[in-house]
Amino acid sequence: MLVEFGAFALALALAFSVLQAGLSAAARVRRSTTLAAAGEGAAVAAFLGVAVAFAVLVHAFVVSDFSVANVAANSHTEKPMLYKVAGAWGSHEGSILLWCLMLTGYGAAAAVLGRGLPRGLRASMVAVQGALGVVFLAYTVFASNPLARLARAPVEGQSLNPLLQDPALAVHPPFLYAGYVGMSVAFSLALAALIEGRVDAAWARWVRPWALAAWSLLTVGITLGSFWAYYELGWGGWWFWDPVENASFMPWLVAAALLHSAVVTEKRGALAGWTVFLAIAAFSFSMLGAFLVRSGVLTSVHAFALDPERGVLLLAILGVTAGAGFSLFAWRAPALSPGGVFAPVSRESALVLNNILLAAATAAVLLGTLYPLIREAVTGEAISVGPPYFNLTFTPLMALLLLILPAGPLLAWKRGDAAGVAQRLWACALLALAVGLAGYALVNPRQALASAGVGLGVWLIAGAAAEILERTRAFRGPAAESWRRLAKLPRGAWGMTLAHLGLGVFVLAAFVETGWRQERAETLPVGGALDLGGYHLVLEGVSAVEGANYDAERGLVRVTRAGQPACIAEPERRAYLADGQTTSEVALCYRGPNHLYVVLGERRGGEAAPVWLVRAYWNPFASLLFLGPAIMALGGLVSLSDRRLRLAAAARRQAEPQPQEQPA
Amino acid sequence: MKVRTTLAAIAAVLCMAAASDPAERLTDPAQEARARQIFSEVRCLVCQNESIDDSQAELAHDLRQIVRQQVHAGRSDDQIKAYLVDRYGEFVLLRPTFSPGNAALWAGPFLVVLLGAGLLLVRLRNRAPEPELDAAEDERLQSLQDEQT
């Protein structure tokens, strides 16, 4: 009964989305505040409908109601509670419902929080958001119903793929989707601005918080996914340039470009058309990302829950939605004002360079992901594009971007002073060069590329510090004055510095980890040992363990360094009972920012003298790989809390005359 | 239950990196390192999207053996890759070749840079000449800015 109620609420949400789109569009045409208010009410109602349906689905998973097809296919009574709940979005149907929940949630939030927007823009935005809701909810209701019943309920479910039964991955999809779908508000605002024919500083200021929130959440989502791959797939890597990873990385890159170009539009009124284009592109790439993964077009090491038949439908939705957005752009954008002028050396130019390089990096990822498909479709020849391609295209483009990054925030708007910036950054450059050279000379084995990368990371970190010093005029006046300035720095400035700092930390870690990672694998009997990176690992025993829904062998590996105990690693090799899969549960020893990564492999040899394949990696700076993006996301959130973004809305609200009903 | 079986197949090959297995290794560490470098650029053809360095699949094991034998026999990287391409087609290479068919793939990102730089130059050239400030005005502007910040 509850399940039917949920299905009904979902259908109702679709109806409310239709109303939202229709009423808000009518409100725009007839300039009626009553209709506009009704459209906003429908937006909230659509969200509540999807929320009820989603709650019902989660409940069905929690109580293991196997009469629901989706639960029967993806859950199991013996699964831990966290994964029962996470199972709700582990399947195709469930994940699309989560997408709809986020989409209507953002739509309702934008409608309610959009009080400061000009009325026409707001009505158009709510209408576009409603239209998006109609498309996705219609797909959910008619082609991908997560609450469909089975005629005959099985006694036991088929369980969720064991690889996905992991805390990081349980919360990974909600963050990722919150990021993807957050771009929908920027998309709706962009289309609304094109409909209104006006893109100004106020509009850019409105897009920024939504893009910031979406980008920050996407950063968290991607990092969680990467961390999961790092310790769950068990081969020590954290980024594989896999199509599924690329699919989530492209919207991230475009959103990063959008954040920067929106600043130019907000402060200087320039690049309006480009900012609108990026806002449309960011959500289009989000849809591309979600659907490439879900449609099964791409072969990937971690493409889960795919379904080719519905994939075509999803790609059609993508084509129509993105196509409509870009067509409207092509039609209306030429009328937009080009905005303020700027000199070759200026903050604007630096941000344009940022956008050019981010766009090129996105093109590299896009080509690398889709070119094999295109070439096979056109010529029938199959090729592969793997990590070596990205190392030769994406990496140099990003390295160039990172080289100019510290100069950007120090340049003045409109006309910058190149000599002044050089004067402020020479100490940072010297430090970066010194650290890079020291890395090259002192660290064994000698790695030129990794050392250069270390220098680049230090350059970014020092650049972030230089920016704060510059803003506070540190060492160039009385200390008290600098402290006063530091205390008064706007959150937006802190946010930017944190994001750039986090990027530096990540770059540093990425090069150190890739350049100086060590690997060792041996077949060991109980009592056997292997040496790695100055550590001595002894396999002291292997015991049988019974988990909640798996049986496992657990190794006991005692790790010492120069005779001193360092840690005890207990890697497991699990066999899941529901479907007989085996997975390896990695043991991580945290040594400062470094990881000692221990994997227990298969048992070999006879019963009399068993040996185990033990594999260990020394991953220097591995913690910083994930800390860096966390700092970046934190920067986004700090920036989001800036008073200016909130005050601007409040000020406009006060300035605007009270709404009055206009005769239709 | 097609999806289930696919998942199981993926998971089966996912479990662990395989190339470092001591049972397979070459005795000469320099040769072994070279073989590992080649592994990372060769695709495991039956896997979802893995190099033979990572894959535990039977075929990956066989390919590793071929590469190790040829490394041991003293053949160059290019010779080994050419041998693999002859047998399995270009699909086996994770680094696409620099060939006319892949021109768009390799040049695309850099064309975006050129296009963007071109547009930026046009934009900068078309800007209206700005009135220059004289020294006195500059000074006044500076003092105003200092007051403000």
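Nothing here was measured: the structure is a model prediction, and the numbers come from that model. Every residue gets a number counted from 1 within its own chain, in the order that chain's sequence is written. Going through the entries in the order they are written, you letter the chains from A and number the ligands from 1. Only residues with pLDDT of at least 70 get local features here, since the model is predicted, and only at 80 or more are side-chain atom pairs given and counted; chain-wide, interface and lining totals rely on the full set of residues.

## Section: the overall build of chain A
Thought 1: A tally of helices and strands in chain A yields 20 helices and 10 strands.
Thought 2: The globule rule is 2.2 Å times the number of residues to the power 0.38, and the radius of gyration it is compared with is taken over C-alpha atoms. Against the globule reference of 26 Å for 664 residues, chain A gives a C-alpha radius of gyration of 27 Å, in line with a compact fold.
Thought 3: Each of the three principal axes of chain A carries a C-alpha extent, and together these read 90 × 75 × 55 Å.
Thought 4: Taken over 664 residues, chain A has a buried fraction of 57%.
Thought 5: We call two residues in contact whenever the C-beta atoms placed from their backbones are within 7 Å. Partitioning the intrachain contacts of chain A with sequence separation of at least 6 by distance along the chain shows that 75% fall at a separation of at least 24. Runs of E in the DSSP output that reach at least two residues are strands. Runs of H or I that reach at least four are helices, and both are numbered from the N terminus. With C-beta atoms placed from the backbone, a residue counts as buried when 20 or more other C-beta atoms lie within 10 Å of its own, as exposed when 12 or fewer do, and as partly exposed for counts between those limits.

## Topic: the overall build of chain B
Thought 1: The secondary structure content of chain B amounts to 6 helices and 0 strands.
Thought 2: Expressed as a percentage of its 149 residues, the buried residues of chain B come to 29%.
Thought 3: Partitioning the intrachain contacts of chain B with sequence separation of at least 6 by distance along the chain shows that 51% fall at a separation of at least 24.

## So, the packing of helix α12 (residues 347-379) of chain A against helix α5 (residues 103-125) of chain B
Thought 1: In this analysis an axis means a line fitted to C-alpha atoms, helices contributing only their contacting stretch, and an angle means the value between N-to-C directions, from 0 to 180 degrees. Where α12 of chain A contacts α5 of chain B, the axes come no closer than 8 Å and their chain directions differ by 160 degrees. As far as their axial angle goes, α5 of chain B and α12 of chain A are roughly antiparallel. α12 of chain A and α5 of chain B meet at a crossing whose hand is right-handed. Contacts between α12 of chain A and α5 of chain B pair Val352, Ile356, Leu357, Ala359, Ala360, Ala363, Ala364, Leu367 and Tyr371 of chain A from the former with Leu105, Gly108, Pro109, Val112, Val113, Gly116, Ala117 and Leu120 of chain B from the latter.
Thought 2: Looking at the contact of α12 of chain A with α5 of chain B residue by residue, the class counts come to 15 nonpolar, 2 polar and no charged. Any angle from 65 to 115 degrees is called roughly perpendicular, while one under 35 is roughly parallel, one over 145 is roughly antiparallel, and all others are oblique. In this scheme the handedness of a crossing depends on how the near helix is turned from the far one: anticlockwise by less than a right angle means left-handed, clockwise means right-handed. Ten residue types, Ala, Val, Leu, Ile, Met, Phe, Trp, Tyr, Cys and Pro, are classed as nonpolar, four, Asp, Glu, Lys and Arg, as charged, and the remainder, Gly among them, as polar.

## Considerations on the sheet that holds strand β8 (residues 587-591) of chain A
All names here are of chain A.
Thought 1: DSSP bridges decide pairing: two strands pair if at least two such bridges lie between them. Reading across the sheet, the 4 strands line up as β1-β10-β9-β8 and stay open at both edges, with antiparallel pairing between neighbours. The outermost strands of the open sheet, each flanked by one partner alone, are β1 (518-524) and β8. Here the average twist between neighbouring strands, direction ignored, is 20 degrees.
Thought 2: Direction of pairing for β8 relative to strand β9 (residues 594-604): antiparallel, over a ladder of 5 bridges. Residue Ala587 lies in a different strand from β9, and its bridge partner there is Val598.

## Description of the nonpolar core
Thought 1: Nonpolar cores are identified as sets of buried Ala, Val, Leu, Ile, Met, Phe, Trp, Tyr and Cys residues joined via C-beta atoms within 7 Å. Counting residues in hydrophobic clusters, the biggest one holds 227 residues, and the most contacted among them are Ala186 and Ala255 of chain A.
Thought 2: With 19 residues, the single largest contributor to this core is helix α8 (residues 201-232) of chain A.
Thought 3: What Ala255 of chain A contacts, discounting residues up to four positions off in sequence, is Met183, Ala211, Ala214, Trp215, Leu218 and Ala282 of chain A.
Thought 4: Ala35, Ile38, Phe39 and Val92 of chain B belong to the second largest nonpolar core, which has 17 residues in total.

## Quick word on the environment of Glu572 of chain A
Residue and element names in this part refer to chain A.
Thought 1: Inspection of the secondary structure puts Glu572 in strand β6 (residues 572-576).
Thought 2: Sequence separation of Glu572 and Leu103 is 469 residues, and the distance between their C-alpha atoms is 40 Å.
Thought 3: Excluding residues that lie within four positions of it along the chain, Glu572 makes contacts with Val545, Ala552, Glu553, Arg554, Glu585 and Leu600.

## With respect to the confidence of the model for chain B
One rule of thumb: low pLDDT means the predicted coordinates there are not for detailed reading.
All names here are of chain B.
Thought 1: A residue-level look at chain B finds 81% of positions with pLDDT of 70 or above and a mean pLDDT of 77.
Thought 2: What pLDDT reports is the predictor's confidence in each residue, on a scale of 0 through 100. In this model, residues 1-17 is a region of pLDDT below 50 whose contacts with residues beyond four sequence positions or in other chains number 33 contacts.
Thought 3: Confidence estimates for the predicted assembly give a pTM of 0.89 and an ipTM of 0.83.

## So, the packing of helix α1 (residues 2-30) of chain A against helix α2 (residues 33-62) of chain A
Residue and element names in this part refer to chain A.
Thought 1: Here α1 crosses α2 at 160 degrees, and the two axes come no closer than 7 Å. Between α1 and α2, the interaxial angle falls into the category roughly antiparallel. In this structure, α1 crosses over α2, and the sense of that crossing is left-handed.
Thought 2: Of the residues contributing to the contact of α1 with α2, the split by class is 25 nonpolar, 7 polar and 1 charged.

## Considering unusual backbone geometry
Glycine aside, residues mostly have negative phi angles, and peptide bonds mostly take the trans form.
Residue and element names in this part refer to chain A.
Thought 1: A positive phi angle, near 50 degrees, is found at Arg31, a position not held by glycine.
Thought 2: Relative to the helices and strands, Arg31 is located in the loop between α1 and α2.
Thought 3: A positive phi angle is found at Lys414, which is not glycine, with a value near 70 degrees.
Thought 4: Relative to the elements of secondary structure, Lys414 occurs in the loop between α14 (394-404) and α15 (418-442).

## Some remarks on the domain arrangement of chain A
All names here are of chain A.
Thought 1: Note that domain bounds follow an automatic or database assignment of domains. We note that the domain assignment places domain 1 (171-181 + 197-319 + 333-414), domain 2 (417-517) and domain 3 (518-619) within chain A.
Thought 2: Relative to domain 2, the C-alpha centre of domain 1 lies at a distance of 25 Å.
Thought 3: Taken residue by residue, the interface counts 11 residues in domain 1 and 17 residues in domain 2.
Thought 4: Taken together, the residues of the side of domain 1 that touches domain 2 sort by class into 10 nonpolar, 1 polar and no charged.

## What about the pairing of strand β7 (residues 582-585) of chain A?
Residues and elements named next belong to chain A.
Thought 1: In the sheet, β6 pairs with β7 via 4 bridges, with the strands oriented antiparallel. When the sheet's bridge partners are listed, Arg573 is paired in β7 with Ser584.
Thought 2: Two successive antiparallel strands, β6 and β7, enclose a turn made up of 5 residues, where Gly580 displays a positive phi of approximately 70 degrees.

## Notes on the pairing of strand β4 (residues 550-561) of chain A
Residue and element names in this part refer to chain A.
Thought 1: Taken together, the 11 bridges between strand β3 (residues 535-546) and β4 define a ladder with antiparallel strand orientation. Of the residues in β4, the one forming a bridge with Gly541 is Leu556.
Thought 2: A loop of 3 residues connects β3 with β4, the two strands running antiparallel in sequence.
Thought 3: Bridge count for β4 against β6 is 5 bridges, and the pairing is antiparallel.

## Some thoughts on the environment of Val42 of chain B
All names here are of chain B.
Thought 1: Tracing the backbone shows Val42 in the loop between α2 (29-39) and α3 (58-72).
Thought 2: Here the alpha-carbon distance between Val42 and Gly116, two residues 74 residues apart in the chain, equals 34 Å.
Thought 3: For Val42, the contacting residues outside a window of four places in its chain are Ser51, Ile52, Leu63, Val67, Leu84, Val92, Leu93 and Leu94.

## Examining the environment of Gly130 of chain A
All names here are of chain A.
Thought 1: Note on placement: Gly130 falls in helix α6 (residues 119-143).
Thought 2: On the neighbour-count criterion, Gly130 (29 C-beta atoms within 10 Å) is buried.
Thought 3: Spatially, the C-alpha atom of Gly130 lies 35 Å from that of Glu348, the residues being 218 residues apart in sequence.
Thought 4: Here Gly130 is in contact with Ser17, Gln20, Ala21, Ser24, Ala43 and Gly107, once residues within four sequence places are set aside.

## Quick word on α2 of chain A
Thought 1: The first and last C-alpha atoms of α2 of chain A sit 43 Å apart over 30 residues, in line with the 44 Å expected at 1.5 Å per residue.
Thought 2: Phi turns positive, to about 50 degrees, at Ser64 of chain A, one or two residues after α2 of chain A. Helix span is expected to be 1.5 Å times the residue number reduced by one.

## As for the confidence of the model for chain A
Residues and elements named next belong to chain A.
Thought 1: Looking at chain A as a whole, its pLDDT mean stands at 87, while 94% of the residues score no less than 70.
Thought 2: Mean pLDDT per element in chain A: helix α20 (residues 643-655) is the minimum at 52, and α14 is the maximum at 95.
Thought 3: Low pLDDT (under 50) marks residues 300-305, which in the prediction has 26 contacts with non-local residues, meaning those over four places away or in another chain.
Thought 4: Ignoring residues within four places in sequence, the model shows residues 650-664, a span with pLDDT below 50, making 11 contacts including any to other chains.

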